[in-house]
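The residues making up each chain are set out below.
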Amino acid sequence: MEELNNLIKDKNKLLVIAGILHSAKALIGPEVLHIDLTNRCNFNCIACWCRSPLLEDKAMPEWERKLSLPLDLLKGVFDDLAEIGGLRQVKLVGGGEPFMHPDILKIVEYIKSKDRNIEIDINTNFSLVDEKIAERLLELEVDSLTISIWAGTPEAYLAVHPNQSERTFYKIRDILKFIFEQKKAKNSCRPRIIFHDVILNQNYKDIGQMLKFALEVGTDDIQFVPMDPVKDKTEVLLLNDMERKELLDTLYIIRQNYDPKSFRYISEDNGSVMLSDFDGFIRRMEKLDITTGAYDEEIVEEVPCYVGWLFARIMTTGNVVPCCKGHRMHMGNIYKNRFKDIWFSETYNEFRYNGLNLPKSDPYFSKIGNDAVKKTGCYNCDNLWQNIPTHRRITQIKNSHLVSFCTSLLKCHSI
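Remember, it's a predicted structure, so these values are computed and weren't measured experimentally.

How do you make sense of unusual backbone geometry when you look at a structure like this?
Across the junction of Arg190 and Pro191, the peptide omega takes the value 0°, indicating a cis bond. Structurally, Pro191 can be placed in the loop between helix 8 (166–186) and strand 5 (192–199). With phi around 50°, Asp277 is a residue other than glycine that occupies positive phi space. Looking at the secondary structure, you find Asp277 in the loop between strand 9 (272–275) and helix 11 (278–287).

Spelled out as structure tokens, the structure:
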């Protein structure tokens, strides 16, 4: 009931819900926007979809590696988003390293100039951040840095980042400590430091060290995720059944010091770090099909897809895609059309309707994911963090008086 009362006060969320109840059209812009700033990268991470040395002929082609989205084009996108409303978070990511984009700090500054309340998260390998850049990130009040470490020791770091050295690992450690000290001095909680640790057979034994390293450098949050394979190439990095069981034993031990109410791991010396969706990661490991890498089949079939109202991703080609794994499923291109026209297009409406009404095994969704096997793509969903709470909210609303209220909103928007 409290959640429903809060919802009544949030006009933007009500407009999202009203659009979902319509089943096809959006009444407001996405809450979350991912932007692939650039495909340029200084790493060749072993499980990367683009540059892993295991990919060979399936690696990103040379022409595509050079792409970046220009500042002026992105300004137009954010002008559109300010007009249609609803934006809460921007995540600067990419097929490459965001800090290789020459205008990344100007882009951050422009986003904040439109609305200081928009949360900005930068997904980075963090190797190019020095003290000067770190100080500027603090000045701009960047909300979070999601850092792909994938290790807790130099040895594991080298195993998953083949073209790097121990020096890179220690540089990252030192800059993280610098940011932690600056935050303490300024009495600030920004930027939140989030470790994004992809788990594969090269680093699963290092997971305890990942926790220790996070506590050492003042990390706020760790997100453990299983790797998503590319057919006939990176599937060799999947855990075998023995490794999966060994990892689960370690996770069960960690869970003894994990508080599911606060989502925090408490160390023996009372240091703590949040473990986002830790129980979800354990569930994925318990359900993992080691022959395909599919780990979300059961819940994906239970929960409809709502991301067509909640999320969009813009790739370096200018293609707008509907979900994290939708890089082969194009809704439109910002070099050809305004973002707002793409967002409200019939192509996007078709995706919204099908996400609610079709099983994820339907051929319509065949372009989701890496095409590793039939049951990856939708069955390795990276948007469950939006779909699951939205489904709970929709279910509550259908059992409350808010359905008629949302219907009146639809009438106000002439739908």
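From this point, things continue past the structure.
I keep staring at the sheet that holds strand 3 (residues 119–124) and nothing clicks. Help me out?
Backbone-to-backbone hydrogen bonds join strands into a sheet, with any given pair of strands oriented parallel or antiparallel. Read from one edge of the open sheet, 12 strands run 7-8-9-6-5-4-3-2-1-10-11-12, paired in mixed fashion. Each edge of the sheet is formed by a strand with only one pairing partner; in this case those strands are strand 7 (258–259) and strand 12 (332–333). Both strand 4 (residues 144–147) and strand 5 contribute to a ladder of four bridges, which runs parallel. Directly across from Ser144, in strand 5, lies its bridge partner Arg192. Seen against the sheet, helix 4 (residues 71–84) touches strand 1 (32–36), strand 2 (89–93) and strand 10 (311–314) and runs at an angle of roughly 175° to strand 1. Sitting on the sheet, helix 5 (residues 104–114) touches strand 2 and strand 3, and the angle it makes with strand 3 is about 160°.

Just to check I follow, could you spell out the side chain of Thr316 for this structure?
Among the secondary structure elements, Thr316 is positioned in the loop between strand 10 and strand 11 (319–321). The exposure class assigned to Thr316 is buried, which follows from its relative accessible area of 4%.

Just checking my understanding: could you explain the environment of Phe178 for this structure?
Within the secondary structure layout, Phe178 lies in helix 8. A relative accessible area of 14% places Phe178 in the buried class. C-alpha separation for the pair Phe178 and Arg392, spaced 214 residues apart in sequence, amounts to 41 Å. When residues no more than four places from it in sequence are discounted, the contact partners of Phe178 are Glu131, Ala134 and Glu135.

The rules we used
- Residues numbered from 1 in each chain as written.
- Predicted model: local features only at pLDDT ≥ 70, side-chain atom pairs only at ≥ 80, totals over all residues.
- Heavy atoms only, no water.
- Helix = DSSP H or I, 4+ residues; strand = E, 2+ residues; numbered from the N terminus.
- Pairing = 2+ DSSP bridges.
- Contact = heavy atoms within 4.5 Å.
- Axes fitted to C-alpha atoms, helices over the stretch in contact; angles between N-to-C directions.
- Buried < 20%, exposed > 50% of the residue type's maximum accessible area, 1.4 Å probe, protein only.

It is worth stressing that arrangement in space is one thing and function is another; only the former is reported here.
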